[in-house]
Amino acid sequence: MLRIGILTSGGDCQALNAAMRGVYKCVTNNAKEPVEFYGFEDGYKGLIYGKFRLLNEDDFTNILTIGGTILGTSRCPFKTIQVPDENGVDKVAAMKQNYYKLQLNCLVMLGGNGSTKTANLLSDQGLNVITLPKTIDNDLWGTDMTFGFQSAVDIATRCIDEIHTTANSHGRVFVVEIMGHKTGWLTLNAGMAGGADIILLPEIPYDIDKIIDVIEKRDKAGKRFTIIAVAEGAISKEDAKLSKKDYAKKLQKYTFPSVSYELADQISKKTGREVRVTVPGHIQRGGAPVAYDRVFATRLGAEAGAMILKGNYGFMVGYKNREMVRVPLKDVAGKLKTVDPDARIIKEAKMVGICFGD
Ligand code: F6P
């Protein structure tokens, strides 16, 4: 008997179900022995508190195209995972206990950065763990692509597309705030796909005067509007120069809901123009996965399934230079994949006139 535990952790995204289906189908189609799948509910919480259910064929039927996760998810930050809960429960010990109680052969974890750190911790503690790279942010080290990313890029792009007509009608400046946490992958791709005039990323601190300059030049050239795609983690040159302590102090007194509103306020004061902010927010994580993500997640799931059948553990399945790869969890944990400001794509975007505020 092969017993497999599976959970989805952290913020959800499209194609989580497609990936789990891939693992299930690969293992059940190819195993030489009976297989049991145990789904832990709401992420690591399910493993800690023993909330799980036995999954069968029906659970994995008709879920390829469904967004979200059939198991539920939650955030269990890595920094608190080794801290006992309010009732004194040692979370790591509890996870190990439940794993051994169910006599699992392995645990499959679908998650992003923080969740992969916890997976690496469990692997270090002797559990057989395989992870799959999930996040709309595409910021996981060790893989060129994460599932969910392409679906989110499409949604954020559509949002910028739709803004064009209203921006043009009113002759306004629009700031569209795009998710991505501390990295700019989503904003860079959606910004380019949506034809944003200015793209602001956390990796390239911006100078407000450069932004104003672009808006005024467009104005003079008879363009009625300017669209700025702003990553939620974008930062000005001035703020980037602050020490961590001083930046934290600034944020304590911060009165804007986010960087986009601060930017809009500055633009409106400096140019006298009408500025509007649009924040698509969690819509970017919702709905059905696009075809790319369905295929990609299925491939990742199949690779994970093949690894389970061979007993290869302690890896994240990733995608590098157009090949599916296995990356040791210890190499992935704790590292962030950021946009390189000198990357070819940034240069190409600049060549076609996109301003990055630098
Ligand atoms: O990591 C995915 C992500 O959507 C980020 O882009 C965003 O910063 C964050 O999660 C939002 O988190 P929550 O769903 O907890 O509000």
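Residues numbered from 1 in each chain as written. Predicted model: local features only at pLDDT ≥ 70, side-chain atom pairs only at ≥ 80, totals over all residues. Heavy atoms only, no water.

J.: I tried to follow the packing of helix H6 (residues 149-170) against helix H7 (residues 185-194) on my own but got confused; where do I start?
T.: Between two packed helices, what matters for the description is the angle formed by their axes and the separation of those axes. Contact geometry for H6 and H7: axes closest at 8 Å, N-to-C directions at 45 degrees. One finds that H6 runs oblique with respect to H7. Pair H6 / H7 crosses with right-handed handedness. In this structure, H6 uses Phe 149, Ala 152, Val 153, Ala 156, Thr 157, Ile 160, Asp 161 and His 164 to contact H7, whose residues at the interface are Trp 185, Leu 186, Asn 189, Ala 190, Gly 191, Ala 193 and Gly 194. (Axes fitted to C-alpha atoms, helices over the stretch in contact; angles between N-to-C directions. Helix = DSSP H or I, 4+ residues; strand = E, 2+ residues; numbered from the N terminus. Parallel < 35°, antiparallel > 145°, perpendicular 65-115°, else oblique. Left-handed = near helix turned anticlockwise from the far one by under 90°. Contact = heavy atoms within 4.5 Å.)

J.: Hey, could you run me through the pattern of salt bridges in this one?
T.: For side chains of opposite charge, pairing can occur when their charged atoms come near one another. Tallied over the full model, the rule gives 17 salt bridges. Arg 53 is paired through a salt bridge with Glu 41; the nearest N and O atoms lie 3.0 Å apart. Taken together, the residues Arg 53 in strand S3 (residues 52-55) and Glu 41 in the loop between strand S2 (35-40) and helix H2 (44-48) connect sequence positions twelve residues apart. The exposure class assigned to Glu 41 is buried, which follows from its relative accessible area of 19%. For Lys 350, the salt bridge is made with Asp 358, and the minimal N-O distance between the two is 2.8 Å. A residue is classified by how much of its surface remains accessible, and Lys 350, at 36% relative accessible area, is partly exposed. Overlapping salt bridges bring together Arg 172, Glu 274 and Arg 276 as one network. (Salt bridge = Lys/Arg side-chain N within 4 Å of Asp/Glu carboxyl O. Buried < 20%, exposed > 50% of the residue type's maximum accessible area, 1.4 Å probe, protein only.)

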